[in-house]
Amino acid sequence: MMVYPEDPFWALPTIPGLYDENDYRVNVVEALQEFWQIKQARGADLKNGALVIYESVPSNSQPYVCYVTLPGGSCFGSFQNCPTKAEARRSSAKIALMNSVFNEHPSRRITDEFIEKAVQDARASFKGNLKEGDGPDTGIGAFRFMLEANKGRTMLEFQELMTVFQLLHWNGSLKAMRERQCSRQEVVAHYSNRSLDDDMRAQMALDWIAREQESPGVLGLEMAQAERELETARLAGRELRFPKEKKDILMLAHNQLGGNANTGINC
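What counts, and where the lines are drawn
Residues numbered from 1 in each chain as written. Predicted model: local features only at pLDDT ≥ 70, side-chain atom pairs only at ≥ 80, totals over all residues. Heavy atoms only, no water. Pairing = 2+ DSSP bridges. Helix = DSSP H or I, 4+ residues; strand = E, 2+ residues; numbered from the N terminus. Axes fitted to C-alpha atoms, helices over the stretch in contact; angles between N-to-C directions. Phe/Tyr/Trp six-rings, centres within 6.5 Å; stacked < 30°, edge-to-face > 60°. Lys NZ or Arg CZ within 6 Å of the ring centre and 35° of its normal. Buried < 20%, exposed > 50% of the residue type's maximum accessible area, 1.4 Å probe, protein only. Contact = heavy atoms within 4.5 Å. Parallel < 35°, antiparallel > 145°, perpendicular 65-115°, else oblique. Left-handed = near helix turned anticlockwise from the far one by under 90°.

- Per an unreviewed UniProt entry, the protein chain goes by LIX1-like protein and derives from Glossina brevipalpis.

In structure tokens:
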């Protein structure tokens, strides 16, 4: 993983004409917001606008942790040992800005060539047959449908939709829909027009409340695993939307149970 300076500003390489002659450093928090505002001004399809959202984890002592959610749904977190809340915000902005810039590379845009390569890789991973990608009711076929519906977008802009389906799979919702004989592509078409909002989180939390009431302790085990996954991914500088949403949904279920679930977590 790359190592970044602990300094409040991120030193950038000298690029003639891009910065003032005597200042080659940029405030990463401001730069990240400006980056997405410029993308929106240039015509990027950002359903919820260009606002970059920061979320500090409540704590009375260091190290402090901060998450940042980008337009399009991707999430990153502070990956350094941060002695202040401001430093944690800058740390999260650093990794988010780096990924935002990298995301502009042509290889990150969903094109016909990208789709064929992604479907081929997915088919190889699941050892499917050569025609499986064209099946109207297969996982590979649904994956192709999702990609084709988002042609022209970048992977960061595609992230929220991907997270929705990761959560539906994790939560057991996709299995329930299959049992009701809903095709995968029908499900994709439906959820492609839905945002990952409080209503969706609340519904998934209710599912976990029901599971905890049926099997006491299951919520605590799932929360502990989600916490480990999120912490490992954050310190590695990875994209965090899926593990963070899992933890938030489970915590919502825990709180709605009055904090009485056998989670082993002191909240």
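Structure shown, so let's carry the discussion forward.
### With respect to the sheet that holds strand β3 (residues 53-56)
And step 1. Sheet architecture is open: 3 strands sit in the order β3-β4-β5, paired in antiparallel fashion. Each having just a single partner strand, β3 and β5 (75-77) make up the two edges of the open sheet. Ignoring strand direction, the axes of neighbouring strands in this sheet form an average angle of 20 degrees.

### Focus: the packing of aromatic side chains
And step 1. Taken as a whole and assessed by the stated rule, the structure comprises 3 aromatic pairs.
And step 2. Across from the ring centre of Y54, 4.4 Å away, lies the NZ or CZ of R89, which sits over that ring.
And step 3. The aromatic ring of W208 is capped on one face by R211, whose charged end is 4.4 Å from the ring centroid.

### Structural notes on the side chain of E245
And step 1. Along the chain, E245 turns up in helix α10 (residues 241-256).
And step 2. The exposure class of E245 is buried, given its relative accessible area of 5%.
And step 3. The contacts of E245, once residues within four sequence positions are left out, are T163, L167, L196 and R201.

### Concerning the packing of helix α9 (residues 218-235) against α10
And step 1. α10 packs onto α9 with a crossing angle of 150 degrees between their chain directions and a minimal axis gap of 9 Å. Classed by the angle they form, the pair α9 and α10 counts as roughly antiparallel. Here α9 runs over α10; the crossing is left-handed. Each of L219, E222, M223, A226, E227, E229 and L230 in α9 lies in contact with α10, whose residues at this interface are P243, K244, K246, K247, L250, M251, A253 and H254.

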